[in-house]
Amino acid sequence: MKNIYIIILIIVASLSFLFISCGDDKKEGAISEGQEDIAYNPEKDGDIQAFNIERRKKLAVNRFPCDTIDVMEYILKNYPEGSYLVELDKPDTYTVPRNALLYRKERDTSYIYSMVIKSKADERVVELKNVVGYDQSFFNLDSTALGMAYFYLTLLRCNAGNLETVWESLVPDNSGFNYMVLETWKAKKIPYMRVNFHYAIGIGHIDYNFFFINGLNEEPHLLMTYKTINSLREMIDANNDNYPDYIEHLYVDTGSEVKSVDTVTFIWRDSLYVNTRNPKQTRPF
């Protein structure tokens, strides 16, 4: 009789836990009647962006044609819903975030290199806080739950206060953005934009290097390099042309140490990077 009583208690406790769990699941992420999930409403998200832009206009002290506020407004009005001007990763908690913009003056025209993200249509609107920063580079593991972000290095032209898009080039990454900086390839003295992404999973970083082979106003050529705890791809000049090449280091991880055991060179040929040892192995960037 005592054993039967104990079994009944266990069954009752299990059922109670099941009902509580179901109740918690129902509450988690639920939206009360009359409320709306803005993350899945690009139009409402656009209204919030417009409100924030107007507030920034009122608070701004020094304005100039095609400044950051104008760029944000241009993106809101001319790009697909769920598009944003990206912010640089903050070096510490108390730093005010800056937007990913670089200005270049050419006579009476200003050129603005900017990083823009677009949300995938019919999915959750991307939030900047989920795609910028070191911790957010883990976002690659669960991108669909927080929306899919498409990063674009974009060149805008400002003439007489009017903005227009010259070109946009897709960055093949969707989270962990860090910064962008204009540099010069010393081997050929060719300028390129280095777009740096954190890569927390590999304990390192990835650089997307956009080379302005045909000038600063033409759509650039992309070369990816990276450095992690057990992988390395270095930019080189292997065949003395205007296109950068790279060396891929091959590592062996024994668990107690990571050793470089070989290197393979890839060169740019027509439209692909080609392995100089095995031409059948190619890479797009």
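If you're wondering where the values come from, they're calculated on a predicted model, not measured in any experiment.

**Here we look at the overall build of the protein chain**
Inference 1: Counting its regular elements, the protein chain contains three helices and 14 strands.
Inference 2: Looking at the protein chain residue by residue over its 285 residues, the buried ones come to 39%.
Inference 3: Counting contacts in the protein chain only where the partners sit at least 6 residues apart, residues at least 24 apart contribute 48% of the total.
Inference 4: Per element, the accessible surface of the protein chain, about 17,200 Å² overall, is 52% carbon and sulfur.

**Overview of the confidence of the model for the protein chain**
Inference 1: Overall, the predicted model of the protein chain reaches an average pLDDT of 86, with 85% of residues at or above 70.
Inference 2: Here residues 1-35 is modelled with pLDDT under 50, and outside its nearest four sequence neighbours on either side it reaches two contacts, counting other chains as well.

**A look at the pattern of salt bridges**
Inference 1: Counted under the stated rule, the structure contains 15 salt bridges.
Inference 2: Among the ionic contacts, a cluster of salt bridges with common partners joins E54, K57, E73 and K77.

**Some points on the environment of Y251**
Inference 1: Locating Y251 in the fold gives a position in strand β11 (residues 245-253).
Inference 2: A residue is classified by how much of its surface remains accessible, and Y251, at 30% relative accessible area, is partly exposed.
Inference 3: Expressed as a C-alpha distance, the spacing of Y251 and T263, which sit 12 residues apart in the sequence, is 8.9 Å.
Inference 4: Excluding anything up to four places from it in sequence, Y251 contacts N230, S231, L232, V258, K259 and S260.

**Points about the pairing of strand β8 (residues 204-211)**
Inference 1: Counting buried positions along β8 gives seven out of eight residues, so the element sits mostly inside the fold.
Inference 2: The hairpin formed by strand β7 (residues 190-199) and β8 contains four residues between the paired strands, and I203 there has a positive phi angle of roughly 50 degrees.
Inference 3: By the bridge criterion, seven bridges tie β8 to strand β9 (residues 221-228) in an arrangement that is antiparallel. Of the residues in β9, the one forming a bridge with N209 is L223.

**Observations regarding helix α3 (residues 68-78)**
Inference 1: Buried within α3 we find I69, V71, M72, E73, Y74 and I75.
Inference 2: Where α3 is buried, its residues touch α2 (42-59), β1 (83-85), β2 (101-106), β3 (109-119), β4 (149-159) and β5 (162-171).

**Description of α2**
Inference 1: With 18 residues, α2 should reach 26 Å at 1.5 Å per residue; the first-to-last C-alpha distance of 26 Å fits that figure.
Inference 2: All buried positions along α2 are accounted for by D45, G46, Q49 and I53. Take α2 and look down its axis: the buried residues cluster within an arc of 100 degrees, on one side only. Along α2, exposed side chains directed more than 90 degrees from the buried face belong to E43, F51, R55, K58 and L59.
Inference 3: Looking at the buried positions of α2, the neighbouring elements they touch are α3 and β1.

**A short note on the state of the cysteines**
The bond known as a disulfide is covalent and runs between the sulfur atoms of two cysteines.
Inference 1: Applying the stated criterion across every chain yields a total of one disulfide.
Inference 2: Through a disulfide, C66 is tied to C158; the S-S separation comes to 1.9 Å. Between C66 and C158 the sulfur-sulfur dihedral comes to about 80 degrees; the bridge is accordingly right-handed. Of this pair, C66 sits in the loop between α2 and α3 while C158 sits in strand β4, placing them 92 residues apart in sequence.
Inference 3: Assessed through its relative accessible area of 1%, C66 is described here as buried.
Inference 4: Judged by its relative accessible area of 5%, C158 falls in the buried class.

**Considerations on the sheet that holds strand β12 (residues 258-269)**
Across a sheet, strands are paired by hydrogen bonds formed along the backbone, either parallel or antiparallel in direction.
Inference 1: If you walk across this open sheet you meet the nine strands as β6-β7-β8-β9-β10-β11-β12-β13-β14, and the pairing is antiparallel. Pairing within the sheet leaves two strands with one partner each, and these edge strands are β6 (177-185) and β14 (282-283).
Inference 2: The pairing of strand β10 (residues 231-236) with β11 spans five bridges and is antiparallel. Each residue of the ladder has a partner; that of M235, found in β11, is Y246.

**Topic: the packing of aromatic side chains**
Inference 1: Tallied over the full model, the rule gives 14 aromatic pairs.
Inference 2: Ring centres of F197 and Y208 lie 5.5 Å apart, and the angle between their planes is 85 degrees; this geometry places the pair in the edge-to-face category. Residue F197 is found in strand β7, and its partner Y208 is found in strand β8; the two are separated by 11 residues along the sequence.
Inference 3: A residue is classified by how much of its surface remains accessible, and F197, at 0% relative accessible area, is buried.
Inference 4: Each residue in the set Y243, Y246, F266, W268 and Y273 is aromatic and connected to the rest through ring pairs, giving one cluster.
Inference 5: Over the face of the ring belonging to Y152 we find K118, whose NZ or CZ atom lies 4.5 Å from the ring centre.

The rules behind each value
Residues numbered from 1 in each chain as written. Predicted model: local features only at pLDDT ≥ 70, side-chain atom pairs only at ≥ 80, totals over all residues. Heavy atoms only, no water. Helix = DSSP H or I, 4+ residues; strand = E, 2+ residues; numbered from the N terminus. Buried < 20%, exposed > 50% of the residue type's maximum accessible area, 1.4 Å probe, protein only. Contact = heavy atoms within 4.5 Å. Areas by Shrake-Rupley, 256 points an atom, 1.4 Å probe, with all protein chains shown as cover. pLDDT = per-residue confidence, 0-100. Salt bridge = Lys/Arg side-chain N within 4 Å of Asp/Glu carboxyl O. Pairing = 2+ DSSP bridges. Expected span 1.5 Å × (residues − 1). Arc of directions from axis to C-beta. Disulfide = S-S within 2.5 Å. Phe/Tyr/Trp six-rings, centres within 6.5 Å; stacked < 30°, edge-to-face > 60°. Lys NZ or Arg CZ within 6 Å of the ring centre and 35° of its normal.

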